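Letter by letter, the chains look like this.
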Amino acid sequence: MDSLNRREFVKKTTIAGAGLAMSTALGGKQLNPETLRSDPWKIYFFSKHLQFLDYEEAADACAAAGVNGADLTVRPGGHVLPENVERDLPRAVKAFRNAGLQVEMMASGITDPDDPLTERVLQVASDMGIRFYRLGYYSYDPGLSITKNLEEIKVKMNGLARLNEKYRIHGAYQNHAGHNFGAPVWDLWEVIKDMDPEWTGCQYDIRHATVEGNGSWPLGLKLLKDHIRCLVIKDFKWGEQDGKNLEVNVPVGEGVVDFKAYFKLVNELGIHGPITLHLEYPMFPEKEMTIARKKELAIQLMRKDFDALKSYL
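What comes next is a walk through the structure. For clarity, every value in this text was computed on a predicted model and none was experimentally measured. (Residues numbered from 1 in each chain as written. Predicted model: local features only at pLDDT ≥ 70, side-chain atom pairs only at ≥ 80, totals over all residues. Heavy atoms only, no water.)

**Some words on the state of the cysteines**
Across all of its chains, the model carries zero disulfides by this definition. In this model Cys230 remains outside any disulfide bridge; the closest cysteine sulfur is found in Cys202, 7.9 Å from its own. The buried category is assigned to Cys230, whose relative accessible area is 1%. (Disulfide = S-S within 2.5 Å. Buried < 20%, exposed > 50% of the residue type's maximum accessible area, 1.4 Å probe, protein only.)

So, in structure tokens, the structure goes:
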């Protein structure tokens, strides 16, 4: 299918799907696993990597790369600033839909249900048909026990769970390698296990799960499976600097993440939902590059990782 015909096809199918997404936001179609599994895999590009472009240019880049749409950053320093969400999120979503693309996902900095911006962001996102958002991160307070930390985080996430249900949007916490809450995934399970997975869960990241549990990540995936409604894809390899092992981000399929085993298990467990594709490795080797050149290179890299991901799916 040539690029022009493909864009027209994507545009028509996206317009048809936009009404369905809006129906979801307004309490129509629910986010249950059966619904998600009946959909084909949808791959969205993480807009953090395109923040040097405005909404229209970012949408054009995503369309040229062939992805289904964008996982928009709606957070401090993001593509959409939370304090401007009523004005800018509709503009961003419109730009992508005009390009024949979808916006079903966003990455937020939301952690506190009592923050005045939290409900504003969720309400606008829901109104715009966004079905999934990623929470911000919780840090462990070194002055408190692990148990006490989990208790306090659970209070906040319970509050967010109530807002998620109110606005019919799924809030997902990413398991990110490091020292924050959620890195080992067992702590995340302890907090969300009694929450309704339709509205609160995990945005599962196999790259970070591999860092933290090279051989044991299947156990964590099995534990969280009922709460997973969306996935993150990226890759890495181990490097060395000053005698220390380091994580070096690389294109999909060029690192140590075992995507074949991962998607085999994902399929066996019945996990399904939209995928957000991240390009965390250095995208622009030259210090001085025009915006046009950066956009051209970004499209090439997006296509490369998108094609690699499709080969595993």
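Now that the structure has been shown, we can carry on.
**Notes on the packing of aromatic side chains**
Scanning all chains against the criterion turns up 12 aromatic pairs. When the centroid spacing of 5.2 Å and the interplanar angle of 35° are considered together, the rings of Phe259 and Tyr312 count as tilted. Linking Phe259 in helix H10 (residues 259-269) with Tyr312 in helix H11 (residues 291-312), this pair joins segments that are 53 residues apart in sequence. Through a chain of ring-to-ring contacts, three or more aromatic side chains come together here, namely Trp41, Tyr204, Trp217, Tyr262 and Phe263. Its guanidinium or amino end placed over the ring of Phe52, Lys294 lies 4.7 Å from that ring's centre, counting from NZ or CZ. (Phe/Tyr/Trp six-rings, centres within 6.5 Å; stacked < 30°, edge-to-face > 60°. Helix = DSSP H or I, 4+ residues; strand = E, 2+ residues; numbered from the N terminus. Lys NZ or Arg CZ within 6 Å of the ring centre and 35° of its normal.)

**Focus on the side chain of Thr118**
On the secondary structure map, Thr118 appears in helix H5 (residues 116-127). Excluding residues within four positions of it along the chain, Thr118 makes contact with Ile110, Asp112, Pro113, Leu160 and Leu163. (Contact = heavy atoms within 4.5 Å.)

**Looking at the environment of Asp194**
The residue Asp194 is located in the loop between helix H7 (186-192) and strand E6 (200-205) in this model. For the pair formed by Asp194 and Asn158, sequence separation is 36 residues and the distance between their alpha carbons is 9.7 Å.

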